Each structure stands twice: as C-alpha cells, then as structure tokens.
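Results of the structural survey
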Amino acid sequence: MDGKAIYKYAITDTVKNIEELLQQEKEELRNIKYIVPHQSNIRIIKQIAERLKIKEEKIYTNIEQVGNTFCASIPIALEEMFEKKLLNQNDNIILLGYGGGLNLGSILLQI
C-alpha cells in the first residue's frame, strides 16, 4: 500500500464526502455539533478539521486514549460522548467512517 496516497485519500475524500452529505441534506456545517470520525490517525483527523475550516474541538477524538479500534471506534466514541453528556436531544452530528479497501461513508444523525 502507498501510505502517502492513502493519507491523501483519507483527507480529501472524507472532506468531499462530508460536503456532499451536507449539500444532499440541505444542512450547514455550522449546525453540526460534532463530527465523529473513525479514529484512525490524529494527523488525518486534524487535517479534516483544517480543510473543513472548523475548530478541531468540533471533531470528537479519543484515539489518544484508546488507539485505533477499527470499526468499533465510532460506537466507542459515541458511548463516551453520552457518558460525558456532550450530546443533547436534537443535536446534529455526523458519523464518518473510512478505512479498509478505501471505502468511506458518512451519515447525518439527529440525537
């Protein structure tokens, strides 16, 4: 695998996917409380925030504490967010998965 190409893909295609999701749902990024991505690599996550022109705090991360837990990373992060009372009824969040086989997808979820 070509690490540089995968890194570029993970940044550019995830940002494009989020932008397409927002356009499809007729929603604006400013109305999204959190983006909850697959916890693969903190550098990728920080680059996603930079390219979306949002504060890093708007992207929930726990990779520093739990590492890359693959497909379980999003549900683990959501559980932590509920435990920390970071999410409230009617909050809009985006769940963003990407990884194996260069697949990716996102969903807009209202709590």
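See the structure printed just above.
Along its length, the protein chain carries four helices and three strands. Of the regular secondary structure in the protein chain, the N- to C-terminal order runs α-β-α-α-α-β-β. The C-alpha atoms of the protein chain give 13 Å as radius of gyration, which agrees with the globular expectation for 111 residues (13 Å, within 12%). Taken along its principal axes, the extent of the C-alpha atoms in the protein chain is 40 × 30 × 25 Å. Sorting the 111 residues of the protein chain into buried and exposed places 38% on the buried side. Considering only intrachain contacts with a sequence separation of at least 6, the fraction spanning at least 24 residues in the protein chain is 58%. Here the protein chain has roughly 6800 Å² of accessible surface; of this, 51% comes from carbon and sulfur atoms.

Mapping His38 onto the fold places it in the loop between strand E1 (34–37) and helix H2 (42–52). The buried category is assigned to His38, whose relative accessible area is 10%. Apart from the residues within four sequence positions on either side, His38 is in contact with Ile45, Asn68, Phe70, Ser73, Ile74, Leu96, Gly97 and Tyr98.

On to H2. Where H2 is concerned, the buried positions are Ile44, Ile45, Ile48, Ala49 and Leu52. The arc that holds the buried residues of H2, viewed along the axis, is 140°, so those residues lie on one side. More than 90 degrees from the buried face of H2, the exposed residues found are Arg43 and Glu50. Where H2 is buried, its residues touch helix H1 (3–24), E1 and strand E2 (92–99). Measuring from the side-chain oxygen of the N-cap residue of H2 to the backbone nitrogen of Arg43 gives 2.8 Å; that N-cap residue is Asn41. In the stretch just after H2, Lys53 is the one whose phi turns positive, near 60°.

All right, on to the packing of H1 against H2 then. Each pair of packed helices can be described by the angle between their axes along with the distance between the axes. Contact geometry of H1 with H2 gives a least axis separation of 9 Å together with a crossing angle of 45°. Of the possible angle classes, the one that applies to H1 and H2 is oblique. Between H1 and H2 lies a crossing whose hand is right-handed. Each of Tyr7, Ala10, Ile11, Thr12, Thr14, Val15, Ile18 and Glu19 in H1 lies in contact with H2, whose residues at this interface are Arg43, Ile44, Gln47, Ile48, Arg51 and Leu52. Split into classes, the residues belonging to the contact of H1 with H2 amount to eight nonpolar, three polar and three charged.

Another point: the nonpolar core. In terms of nonpolar packing, the biggest core is built from 19 residues, with Ile18, Ile35, Ile48 and Leu52 touching the most fellow members. Among the elements of the structure, H1, H2 and E2 are those that each provide at least two residues to this core. Among the elements that take part in this core, H1 stands out by supplying six residues, more than any other. Ranked by size, the runner-up nonpolar core spans ten residues in total, among them Tyr34, Val36, Ala77 and Ile93.

Criteria and cut-off values
- Each chain has its residues counted from 1, following the order in which its sequence is written.
- Local features are withheld for residues below a pLDDT of 70 in this predicted model, meaning they are given only at 70 or higher, and side-chain atom pairs are given and counted only at 80 or more; totals for whole chains, interfaces and linings count all residues.
- Where side-chain values are given, they derive from all heavy atoms of the structure, hydrogens and water being excluded.
- To qualify as a helix, a DSSP run of H or I must reach at least 4 residues; to qualify as a strand, a run of E must reach at least 2; elements of each kind are numbered from the N terminus.
- Just to be clear, the radius of gyration here is over C-alpha atoms, and the globule rule we use is 2.2 Å times residues to the power 0.38.
- For the exposure calls, accessible area comes from a 1.4 Å probe over protein chains only, and a residue counts as buried if that area is under 20% of its type's maximum, exposed if over 50%, partly exposed in between.
- Contacts are assigned to residue pairs that have any heavy atoms within 4.5 Å of one another.
- Note on areas: these come from Shrake-Rupley sampling with a 1.4 Å probe, and a residue is covered only by the protein chains present in the view.
- Our arc is simply the arc of the directions from the helix axis toward the C-beta atoms.
- Within 3.5 Å is the distance limit for a polar contact, defined as a pair of N or O atoms, with the added protein rule that one can donate a hydrogen and the other accept it, and that residues adjacent in sequence qualify only through two side-chain atoms.
- Helix axes use the C-alpha atoms of the stretch in contact, all axes being lines fitted to C-alpha atoms, and the angles between their N-to-C directions lie in the range 0 to 180 degrees.
- Throughout, the term roughly parallel applies to angles under 35 degrees, roughly antiparallel to angles over 145, roughly perpendicular to angles from 65 to 115, and oblique to all others.
- By convention the crossing between two helices is left-handed if the near helix lies anticlockwise of the far one by an angle smaller than a right angle, and right-handed if it lies clockwise.
- Asp, Glu, Lys and Arg are counted as charged, while Ala, Val, Leu, Ile, Met, Phe, Trp, Tyr, Cys and Pro are counted as nonpolar; the rest, among them Gly, fall into the polar class.
- By convention a nonpolar core is built from buried Ala, Val, Leu, Ile, Met, Phe, Trp, Tyr and Cys residues, the set being connected through side-chain atoms within 4.5 Å.

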